[in-house]
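Next come the chains, spelled out residue by residue.
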Amino acid sequence: MSNSNILDITSDTDVEPQSLPQVEVDSAAQLDHLEHIDSGFEAEEDVESLDPTQLPEYVLYHKSPVYSLDFYHKEGTPFYLLVGDGDDTLTVYDFATKSIIKAFSFEESVVFAKFSPDYTSFCAVGMSGEVKIVSVETMEVNAEFNLYSDVTALEWHPSSKCVVLGDASGNCWVYTAPKWQVFTIVPGSAPVTSLLVVDNKRICTGYEDGSVKVWSPSPNGPTIIGEVEDTNDQWGPILSFALAGEMVFIGTLSGILLNLPISARKFREQRQLNPHMDSIESLIFKDGLLFSCSVDGEIRSYDINTMSLRASIKEFGFTSLVDAGNKLIAAGTVEGSVHIRDSRSLELLFEIHDHVDTIFAMSSFVTGNERFVVSGCASMVCTLNLSTIDPDVEESTAVFRELQRAYEDAMNMANTEEVELPIELAKDEDEFSECSEPAIEE
């Protein structure tokens with residue numbers, strides 16, 4: 001089979017998009033208001049002087065449910081935090097200065113927001129299909145289009161020159177730079193529920209009917225590498241993917257965990273690992289181990305060389321799992337807590353209880369010596385700085401706990417002095433006077 005037409009965006013050469021009619025999209029209406037309350041540090045001068053980027057935890061109170069999060073920082077730039085919410089807004093925060101850089105309005109809830117792999121752009125998606133691609137440097141919208149269908153999945157291509165979107169109609173859309181036009185469409189027989197970009201040439205799609213398709217984009221139509229179907233109706237919708245070399249691990253609504261080789265020769269050979277009792281919400285591959293978390297309250301780790309269970313713990317219902325760097329993983333729970341665990345033993349190192357509701361979204365940023373985990377629920381975003389934590393050095397976790405106690409004491413002191421640290425946002429606009437005014441993108 002020739003690969004001459006398969007998408008491989010690894011150079012600066014423009015790719016000619018598939019010929020489709022242009023769709024005009026009306027600009028979103030300007031926001032009536034954007035209320036924002038920071039962590040309440042102004043309540044105490046000593047607390048105000050603390051740098052949020054150095055605190056063990058830092059809370060932003062957000063006015064509506066948080067559905068999507070992403071985080072980025074490098075020396076000389078703001079601590080960018082993307083927050084997509086149920087109030088039809090994408091907010092770009094600089095949490096180091098406790099300010100809003102810019103806000104973008106959407107027609108419906110912002111369900112996805114993700115930086116490109118090179119961090120020069122980010123893509124945000126509204127539930128109804130509205131898509132905006134924004135320059136990080138200028139905070140200007142480079143492209144705006146609408147799929148006119150509920151968007152159910154978003155992934156960036158490794159080149160940062162291509163975004164892949166899945167929708168409730170079963171289609172996968174591939175848009176390419178610089179004009180951000182449609183390159184190809186991959187139709188499906190059921191709504192798309194998950195996406196995984198394997199490499200420059202291969203994309204894996206999971207569907208609501210339990211089927212999985214591996215394909216390569218091409219301007220003349222996709223090249224299907226292989227397909228697997230849930231012939232016995234045991235798996236349910238595909239909820240999560242994790243990639244380990246030439247092996248894709250698949251988490252399902254039924255709790256079944258699949259192991260799927262993705263080379264063309266062995267594609268149809270799949271193997272089931274011990275199932276969870278409920279849906280597998282997240283999968284990650286880290287340091288040679290596969291981790292799964294489920295709302296059944298269990299986190300597991302597997303040795304992928306032997307395909308055997310290495311460790312497991314069962315406590316609360318888990319909703320999300322992210323790589324926190326340096327032998328650490330972070331997990332969000334249905335009760336609103338965030339667990340930081342040793343990735344080798346799954347031992348709980350510490351737990352954050354600031355959230356008041358189920359963790360809807362989690363993200364992590366790990367580079368060099370910086371390690372941050374961001375989590376969001378119905379009314380707040382919590383950022384954890386794990387840069388000083390080493391699970392092999394007991395003193396490091398002790399120092400973190402001491403910082404955490406100092407932070408909690410300061411917040412308690414603010415509460416004792418009857419300074420509001422609200423869970424529900426205040427309605428008087430004067431109470432937001434110390435927050436920077438957001439720029440509104442129409």
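Model, not experiment: these values are computed from the prediction. (Residues numbered from 1 in each chain as written. Predicted model: local features only at pLDDT ≥ 70, side-chain atom pairs only at ≥ 80, totals over all residues. Heavy atoms only, no water.)

Enquirer: Tell me what's going on with the sheet that holds strand β24 (residues 289-294), and back it up with residues and numbers.
Expert: Pairing is antiparallel in the open sheet, where 4 strands are placed in the order β23-β24-β25-β26. Two strands lie at the open edges of the sheet, namely β23 (280-286) and β26 (308-314), each paired on one side alone. Averaged over all neighbouring strand pairs, the angle between strand axes comes to 15 degrees, with direction disregarded. (Pairing = 2+ DSSP bridges. Helix = DSSP H or I, 4+ residues; strand = E, 2+ residues; numbered from the N terminus. Axes fitted to C-alpha atoms, helices over the stretch in contact; angles between N-to-C directions.)

Enquirer: Describe the confidence of the model for the protein, listing the residues and the values that go with them.
Expert: Predicted confidence across the protein gives a mean pLDDT of 80, with 77% of residues reaching 70 or more. Note that residues 9-49 has pLDDT below 50 and, in this model, 98 contacts with residues that lie over four places away or in other chains. Across residues 417-440, confidence stays below pLDDT 50; counting only partners more than four residues off in sequence or on other chains, it has 44 contacts. (pLDDT = per-residue confidence, 0-100. Contact = heavy atoms within 4.5 Å.)

Enquirer: Go over the packing of aromatic side chains with me, naming the residues and quoting the values.
Expert: Summed over all chains, the structure comprises 16 aromatic pairs. On the basis of an interplanar angle of 10 degrees and a centroid distance of 4.2 Å, the ring pair of Y72 and Y119 is categorised as stacked. Here the residue Y72 occupies a position in strand β3 (residues 66-72), and Y119 occupies one in the loop between β7 (110-115) and β8 (121-126), the gap between them amounting to 47 residues. Y119 sits in the partly exposed class, given a relative accessible area of 28%. For the ring pair F145 and Y175, a centre distance of 3.9 Å and an interplane angle of 10 degrees mean the geometry is stacked. Placement of F145 in strand β10 (residues 141-146) and of Y175 in strand β13 (residues 172-176) is noted, with a sequence separation of 30 residues between them. For the pair F145 and Y175, one class covers both residues: buried. Counting every residue linked through ring pairs, the aromatic cluster contains F71, Y72, F79, Y80, F104, F115, Y119, F122, F365 and F372. A cation over an aromatic ring shows up here: K132 above the ring of F106, its NZ or CZ 4.7 Å from the ring centre. (Phe/Tyr/Trp six-rings, centres within 6.5 Å; stacked < 30°, edge-to-face > 60°. Buried < 20%, exposed > 50% of the residue type's maximum accessible area, 1.4 Å probe, protein only. Lys NZ or Arg CZ within 6 Å of the ring centre and 35° of its normal.)

Enquirer: Tell me about the environment of F183, and name the residues and values.
Expert: Relative to the elements of secondary structure, F183 occurs in strand β14 (residues 181-186). Taking the relative accessible area as the measure of exposure, F183 reaches 2% and is therefore buried. Taking the C-alpha atoms as reference points, F183 and G221, separated by 38 residues in sequence, lie 8.8 Å from one another.

Enquirer: Go over the sheet that holds strand β27 (residues 318-325), please, and point to the residues and values.
Expert: The strand order β27-β28-β29-β30 describes an open sheet built from 4 strands, whose pairing is antiparallel. Looking at the sheet topology across the chains shown, the edges are occupied by β27 and β30 (348-352). Each strand axis lies, on average, 20 degrees off the axis of its neighbour in the sheet, ignoring direction. The sheet contact formed by strand β29 (residues 338-342) and β30 spans 4 bridges and is antiparallel.

Enquirer: Let's hear about the nonpolar core: which residues, and what values?
Expert: With 31 residues, the main nonpolar core has L69, F71, L81, L90, F122 and V381 as its most contacted residues. Ranked by size, the runner-up nonpolar core spans 21 residues in total, among them V322, L328, M380 and C382. (Core = buried A, V, L, I, M, F, W, Y, C linked by side-chain atoms within 4.5 Å.)

Enquirer: I'd love a proper account of the pairing of β30, names of residues and values included.
Expert: Taking burial as the measure, the 5 residues of β30 include 4 buried ones, the bulk of the element. Between the antiparallel neighbours β29 and β30 lie 5 residues, among them L346 with a positive phi of about 65 degrees.

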